[in-house]
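Residue-level structural notes
Chain by chain, the residues run as shown.
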Amino acid sequence: MGRERTAAGGRRNGTVGAARVALAVLVVGGVALGALLLRPGTGLFGKGRGPLGGSPLLVAGLALLSLLGGLALREKYLSHVDPGQERDPVEQRLVDTVSRVLMAAPVAVPLLALALHRFGAIGVGHGHVQAPKLQDPSLRRNQVRKPHPVDHTRHHESALHFGLLRILLGIGIALLVLAVVIAGVHLWRHLTRPPAPAEPATYGTLDDEQERLAQAVDSGRRALSDAEDARMAVIACYVAMQESLAESGVARHASDSPQDLLERAVRDGLPAQAAAAELTALFREARYSTHPMNSAHRDRAAAALAEIADGLDARASGAGTVAGVA
Amino acid sequence: MTSPQPTPDHDTLTPRQAGERAAAVLDEIRTAVVGKAEPLALVMLGILAGGHVLIEDLPGLGKTLLARSFATTLGLDFRRIQFTPDLLPSDVTGAPFYDQRTADMVFRPGPVFTHLLLADEINRTPPKTQAALLEAMAEAQVSIDGSTRPLPEPFVVVATANPVEYEGTYTLPEAQLDRFLLRVRMGYLTAAQETGMLRARLDRAAPEAVLRTLSGPGEVLAMRAAVESVEVDDDLLEYVVALVGATREHPHIQVGASPRGGLALVQLARARAVLDLRDYVTPEDVKSVAVPALAHRVTLKPELWVRQIDGDDVIREIVQSVPAPQTLPRTPVAS
């Protein structure tokens, strides 16, 4: 069981790690795309010379994609976050913040992209501005101050260099887009995967929990029969029940007394509540008293265990009947 | 209200016997004080643990009735002091008077010389008079004119205080608050309980219920001795120390609980065990008395007054955060 749990945990960690990598690539890709759309060297509303900044169709398309993608992402996120789940205050604040950001971002990002893009200047720009020239600014200043005579050989070399740069830039953009698409697919798969362990108890998981609890009851019975010391036998039996409760989701908190744990287990639907209370009382006596404990205590613990086992069997058979009807 | 009955002397009681008699006393008192199970139990714990009880709540919630009911049912000598702003310390402890016939100074005992003293509205008297109770509460004796006079045993102070009124009141100093073993809040009754109380008043056709006397000073002392025989595991002592230590490090608390707070917590937990007919203390016992035993011993930071956070809230939070003893004992205990 432990190996299965380890393997499952490893798979879960692996998928979480892949999702993180995909998310990181998406973020980096988005930032890079933004950099390509922006126009360095000019003001916020100035017309720049970014490789993708010139096409209004592309900007409008990206805005639409951003809107749809943001809405889809938010929907997936909300489906993954259980609103009824108990969280500590930091987690709850984080979840609230992410929800609000995911609500605002799908609207705000396309709006900003469209508002900040100067569609009117595009046509004008296309008419007057040449293709981007990647030149050293100092060289450009020198050109302004003192124009050189036209040198055909140098012009040819510069044109060749510039063409090579454009090809490399195009390949880089294509690779980046490919990486972003792959990352997006990974992220989409991660978000659309059904969260199997977090699902509420189906008949399968119920059976599994009952099996674990039954094993714990068996181990407690063995402890009762093996241990010569009645006190230690009762304590061992209670420990087994506590472990089984932890495995079924009712873990003991550090500040819990035995009664606190029992009350939470009862709220969680623990069968044979009277027997569990009896076993808890016996444990308290075994753990915190020093007066002698004898076989009568052991017999009472055994009876309580038997009752718990019967309750488990009854619940299991009831679940099986319902499953059969279903 | 009183119908005295002779009570046999009780030299020794086991914790179970003491718990059974305490339960009988509580059952009797419940016929007069309706719907206050937990406050009644807490006052009983204070008496069993050998301490003094501060009942803090609004007027008209049955504080005085509760104290008088305990005195009657336990068969204790009962005196009451209504604390007022002009009350003098000698009005509490007593004072020497000149006897003209014998030409001697004769000590006339004050109301403090009793078994159960009800200090009604203790925060209405100046600190000087409040302090007159300090020695009596801490040492069970009174020193007047250089001579020390012991108080009768058992000696229990049940003080009441109104926490809402500020006009003409004097807040109890921390040193005096620390001398109360526990603070009890009565609280309002539920609608059903209040209806039951009114119905009981109509049925008995008298202002107050008549209670039977089920015990006496000797038996109360025997019950206290039984509490002393209740055992406490080392892990639980460490738990108590951790709880008290947490009050000194909590960010909302300016002054934490004193070591006397730890002693009070242990004694009250032992008394709780007796009331549950056990001779050993469990973590539940400690947790159940942590708020009454510690909340009045801590001084909160002033800004918390605005946020309406009181000592009870902070101690509750501490109880929910301090680790309780582990399931397995560190040292195995043989049967």
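These notes cover the structure that comes with them. (Residues numbered from 1 in each chain as written. Chains lettered and ligands numbered in written order. Predicted model: local features only at pLDDT ≥ 70, side-chain atom pairs only at ≥ 80, totals over all residues.)

As a further point, take the overall build of chain B. For chain B, the count of helices and strands is twelve helices and 13 strands. A buried classification covers 44% of the 335 residues belonging to chain B. Sequence-distant contacts, at least 24 apart, represent 80% of the contacts inside chain B between residues at least 6 apart. (Helix = DSSP H or I, 4+ residues; strand = E, 2+ residues; numbered from the N terminus. Buried ≥ 20, exposed ≤ 12 C-beta atoms within 10 Å, placed from the backbone. Contact = placed C-beta atoms within 7 Å.)

Counting residues at the interface gives 21 residues for chain A, matched by 22 residues for chain B. Listed by contribution, the elements that provide at least two residues to the side of chain A that touches chain B are α8 (230-247) and α10 (273-288) of chain A. The dominant element in the side of chain A that touches chain B, judged by the number of residues it contributes, is α8(A), at seven residues. Among the residues forming the side of chain A that touches chain B, the class breakdown is nine nonpolar, seven polar and five charged. (Nonpolar A, V, L, I, M, F, W, Y, C, P; charged D, E, K, R; others polar.)

Another aspect to go through is the packing of helix α9 (residues 234-249) of chain B against helix α11 (residues 283-294) of chain B. All names here are of chain B. At their nearest, the axes of α9 and α11 sit 11 Å apart, and the two run at 30 degrees to each other. If you check the angle between α9 and α11, you find them roughly parallel. Like other packed secondary-structure pairs, α9 and α11 cross with a definite hand, here right-handed. Facing α9, whose interface residues are Leu-236, Tyr-239, Val-240, Leu-243 and Thr-247, α11 presents Pro-283, Val-286, Ala-290 and Leu-294. Of the residues belonging to the contact of α9 with α11, the class tally is eight nonpolar, one polar and no charged. (Axes fitted to C-alpha atoms, helices over the stretch in contact; angles between N-to-C directions. Parallel < 35°, antiparallel > 145°, perpendicular 65-115°, else oblique. Left-handed = near helix turned anticlockwise from the far one by under 90°.)

Our next topic: the pairing of strand β6 (residues 116-120) of chain B. All names here are of chain B. Most of β6 sits out of view: four of its five residues are buried. Pairing of strand β3 (residues 78-82) with β6 involves five bridges; the strand directions are parallel. Paired with Arg-79 across the strands is Leu-117, a residue of β6. Where β6 and strand β9 (residues 156-161) come together, four bridges link them in parallel fashion. Each bridged residue has a counterpart across the sheet, and for Ala-119 the counterpart in β9 is Ala-159. (Pairing = 2+ DSSP bridges.)

All right, on to the sheet that holds β3(B) then. Residue and element names in this part refer to chain B. Pairing in this open sheet of five strands is parallel, and the strands run β3-β6-β9-β2-β10 from one edge to the other. Only two strands of the sheet have a single neighbouring strand rather than two, namely β3 and β10 (182-184). For this sheet, the mean angle separating the axes of adjacent strands, direction not counted, is 20 degrees. Relative to β10, strand β2 (residues 53-56) is paired through three bridges, and the arrangement is parallel. Counted as the bridge partner of Val-53 is Leu-182 from β10.

Before going further, it helps to spend a moment on the packing of helix α10 (residues 259-275) of chain B against α11(B). Residues and elements named next belong to chain B. Where α10 meets α11, the closest approach of the two axes is 8 Å, and the angle between their N-to-C directions is 130 degrees. Taken together, the axes of α10 and α11 are oblique relative to one another. The way α10 lies across α11 gives a crossing that is right-handed. The segment α10 lies against α11, with Gly-261, Ala-264, Leu-265, Leu-268, Ala-269, Arg-272 and Ala-273 engaging Asp-285, Val-286, Ser-288, Val-289, Ala-290, Ala-293 and Leu-294. Taken together, the residues of the contact of α10 with α11 break down into ten nonpolar, two polar and two charged.

By themselves these figures say nothing about function.
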